[in-house]
Amino acid sequence: MSKVLIIAEHDAGKLSAATGKAVRCAQDLGPEALEVAVFVHEGGDDVAGAAAKLDGVTRVLKVTDPANENALAAVLAPQVASLVQDGYTHVLVGNSTFGKDLMPRVAALLGVPQVTDVMKVEGEYVFQRPIYAGNAITTVEAPGDQVLCATVRGASYPAAGEGGNAEVEDRQVDAEIPQHTRFVGREVHKSDRPDLATAPKVVSGGRGVGSEENFKIIYSLADKLGAGVGASRAAVDAGYVPNDMQVGQTGKIIAPELYVAIGISGAIQHWAGIKDAGTIVAINKDEEAPIFEVADLGLVADLFEAVPELEKALD
Amino acid sequence: MKAMVCVKRVVDYNVRIQVKPDESGVVTEGVKMSMNPFDEIAVEEALRLKEAGKIDEIIAVTIGPQQAQEQLRTALAMGADRAILVQTDEAVQPLTAARVFAELAGKEEPGVVLMGKQAIDDDQGQTGQMTAALWQRPQATFASKVEIEGESAKVTREIDAGLETIEVDLPAVITTDLRLNEPRYVKLPDIMKAKKKTIDNTTVEELGVEAAKPLKVTRTAPPPARQGGKKVESVQELVSELKNKGLI
């Protein structure tokens, strides 16, 4: 029977959605214990409390150290590796930039391989994961006699429910924390719109939108739909929008119920980020654009006419 | 200060990959191979650091079959000074690759180890972080800006919430993201010049590195097909379709 440890991701007292999804994935392992580790520099009762509510969680371990203020992989990894020695068989984290940065460092400290981007659990040590930007799905079998480190693909799992009531325990870990890595600052793009990673509806703009200024029609439609806003790599590279809005193989991989791609041609790398979406709508003036091959509803039209018209029709 | 740049031979970015009918893997025979695009960005960054006087020698390293020399030649043509091929015909696990790179870093003592944040074939994104852990040095992943000042580097990283800047003591491992730079094109004379540069050959065994227990790939299948391709003629039709689906 497996004993699973989930590494909580949190920011400003809020538990991330990726953590709830990792817990949901862990449920499929049928574990005898499913514990969440919350690393904080002080306080942390709100985050630990939120983790304790997630369905299936059997215990929350709160680890407090002043060094944990800014979630640095080099600082967290030795603490995680130390905690794992306590009889855990699996360590999971969401496949956010937090998890992608942290988990391989943990795996290397433990001397074990990692399964990146778990999209399905087939057995305690057997998983499906995507390769080649999701153009192939592999089934991998990890050694059963070692700790299994994995990151969980958020788009493949809903968040765990919140009907649980696990106990929260303060835990000391014995780990040597390196001084060689220091936090300098963070530039977070604040937005009142729904979070792109978890929004049920997303409107994205591509190179066809043409400029940062023109992107306002994308925002405007998104606001009318109550949608999050994304972008293709081309739009980010051209400077129309910041990097955290990129959807695709190397940006965010999302699974909204509705995805509206505007002025996006649909390179396979973009497709990799949206293939789990419910309904994909494409608006593009180039009828040869590859996005139309995969969109559920395609409209060949000039976006500067169609998008305002669509917004108006939603009144 | 030396830079060690780790590069991987992968199926070219533009190839539409095919899954083998017996689901044993992806077709790589007769397919164009190239340097992993993220690693190209890593080579370019090393070149820029050298041009800025922060680095005086660039060593390109790869692990792979004999043909992976081609990717080292590309790195040399871009401007790397010498190269090391760690030859193997086996598929290399990230943990094994990291053990090799950490071993080489221990020998070569670079001030910075650069590599792409992930390879576009297996999309695992582990090798840089694992190398840093085994080498017991800092990691700065998903870099979009690198500034080396004396004994440390200030690195801006692309994270889900935006951008984060960290400072790491050198030596350190830096993994490169898309917007760090645009790699230069290689010119013919540079390709000719690169032929005179040295590629040292070694093997995983010669380096005394123990291969990690593998993740066994038992099946490789195409992704579930999506039924797409339906067109609507007008915005009105689009709106009524979305209403029918209960999406608006």
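Residues numbered from 1 in each chain as written. Chains lettered and ligands numbered in written order. Predicted model: local features only at pLDDT ≥ 70, side-chain atom pairs only at ≥ 80, totals over all residues.

Of the regular secondary structure elements, chain B holds six helices and 13 strands. Projected onto its principal axes, the C-alpha positions of chain B cover 65 × 45 × 40 Å. Across the 248 residues of chain B, 48% fall into the buried class. Contacts in chain B between residues far apart in sequence, at least 24 positions, make up 68% of those at least 6 positions apart. (Helix = DSSP H or I, 4+ residues; strand = E, 2+ residues; numbered from the N terminus. Buried ≥ 20, exposed ≤ 12 C-beta atoms within 10 Å, placed from the backbone. Contact = placed C-beta atoms within 7 Å.)

The sheet built from 10 strands is open, its strands ordered E13(A)-E9(B)-E8(B)-E7(B)-E10(B)-E6(B)-E1(B)-E4(B)-E5(B)-E11(B) with mixed pairing. Each of the sheet's edge strands pairs with one partner strand only, and the pair in question is strand E13 (181–188) of chain A together with strand E11 (199–203) of chain B. On average, each strand axis in the sheet is tilted by 30 degrees relative to the strand beside it, whichever way the strands run. Strands in contact with helix H1 (residues 37–51) of chain B are strand E1 (2–7), strand E4 (57–64), strand E6 (112–116), strand E7 (139–149) and strand E10 (172–176) of chain B; relative to E6 of chain B, the strand with the most contacts, it is inclined by about 145 degrees. (Pairing = 2+ DSSP bridges. Axes fitted to C-alpha atoms, helices over the stretch in contact; angles between N-to-C directions.)

Before going further, it helps to spend a moment on the pairing of strand E16 (residues 258–262) of chain A. All names here are of chain A. In terms of burial, E16 is a largely internal element, five of the five residues being buried. Burial along E16 is two-sided: Leu258, Val260 and Ile262 and Tyr259 and Ala261, pointing in opposite directions, are all buried. Bridge count for strand E14 (residues 201–205) against E16 is five bridges, and the pairing is parallel. Directly across from valine 202, in E16, lies its bridge partner tyrosine 259. Where E16 and strand E17 (residues 279–284) come together, five bridges link them in parallel fashion. From the neighbouring strand, leucine 258 faces E17, where its bridge partner is threonine 279.

Our focus in this paragraph is the interface of chain A and chain B. The interface of chain A with chain B comprises 71 residues on the first partner and 62 residues on the second. In the sheet, E13 of chain A pairs with strand E9 (residues 162–169) of chain B via seven bridges, with the strands oriented antiparallel. The partner of threonine 181 of chain A across the bridge, within E9 of chain B, is valine 168 of chain B.

This brings us to the domain arrangement of chain A. Residues and elements named next belong to chain A. The domain boundaries assigned to chain A delineate domain 1 (3–170) and domain 2 (201–313). Distance from the C-alpha centre of domain 1 to the C-alpha centre of domain 2: 31 Å. Taken together, the residues of the side of domain 1 that touches domain 2 sort by class into two nonpolar, four polar and one charged. (Domains from an automatic or database assignment. Nonpolar A, V, L, I, M, F, W, Y, C, P; charged D, E, K, R; others polar.)

With that settled, consider the environment of alanine 91 of chain B. Residues and elements named next belong to chain B. Along the polypeptide, alanine 91 turns up in the loop between strand E5 (82–87) and helix H3 (94–108). Looking at alanine 91, the number of C-beta atoms within 10 Å reads 12, which means it is exposed. Between the C-alpha atom of alanine 91 and that of isoleucine 58, which follows or precedes it by 33 residues, the distance is 26 Å.

To continue, consider the packing of helix H5 (residues 216–225) of chain A against helix H9 (residues 303–313) of chain A. Packed helices, taken two at a time, are described by their axes: the angle between them and the distance between them. All names here are of chain A. Across the interface, H5 lies against H9 with an axial gap of 10 Å and an inter-helix angle of 20 degrees. Judged on the interaxial angle alone, H9 and H5 are roughly parallel. When the axes of H5 and H9 are compared, the crossing they make is left-handed. Residues Ile217, Ser220, Leu221 and Lys224 of H5 lie in contact with H9, whose contacting residues are Val307, Pro308, Leu310 and Glu311. For the contact of H5 with H9, the class distribution of residues is five nonpolar, one polar and two charged. (Parallel < 35°, antiparallel > 145°, perpendicular 65-115°, else oblique. Left-handed = near helix turned anticlockwise from the far one by under 90°.)

Helix length check: helix H3 (residues 73–84) of chain A, at 12 residues, gives a terminal C-alpha distance of 16 Å against a target of 16 Å (1.5 Å per residue), a fit within 8%. Of all the positions in H3 of chain A, only Ala73, Ala74, Val75, Leu76, Ala77, Gln79, Val80, Ala81, Leu83 and Val84 of chain A are classed as buried. (Expected span 1.5 Å × (residues − 1).)

The biggest cluster of nonpolar side chains holds 134 residues, and the ones touching the most others in it are Ala51 of chain A together with Val5 and Ala60 of chain B. Counting residues per element, this core draws most heavily on H3 of chain A, at nine residues. Once you skip the residues sitting within four places of it in the chain, alanine 51 of chain A turns out to touch Ala8, Leu15, Thr19, Val36, Val38, Val57 and Val60 of chain A. Residues Ile218, Val241, Trp271 and Leu299 of chain A belong to the second largest nonpolar core, which totals 64 residues. (Core = buried A, V, L, I, M, F, W, Y, C linked by C-beta atoms within 7 Å.)

One open sheet accounts for six strands, arranged E15(A)-E14(A)-E16(A)-E17(A)-E18(A)-E13(B); its pairing is parallel. The sheet is open, and its two borders are formed by strand E15 (228–231) of chain A together with strand E13 (231–232) of chain B, each paired with just one other strand. Where strand E18 (residues 297–300) of chain A lies against E13 of chain B, two bridges are found, and the strand directions are parallel. Note that in E13 of chain B the partner of leucine 299 of chain A across the bridge is valine 232 of chain B.

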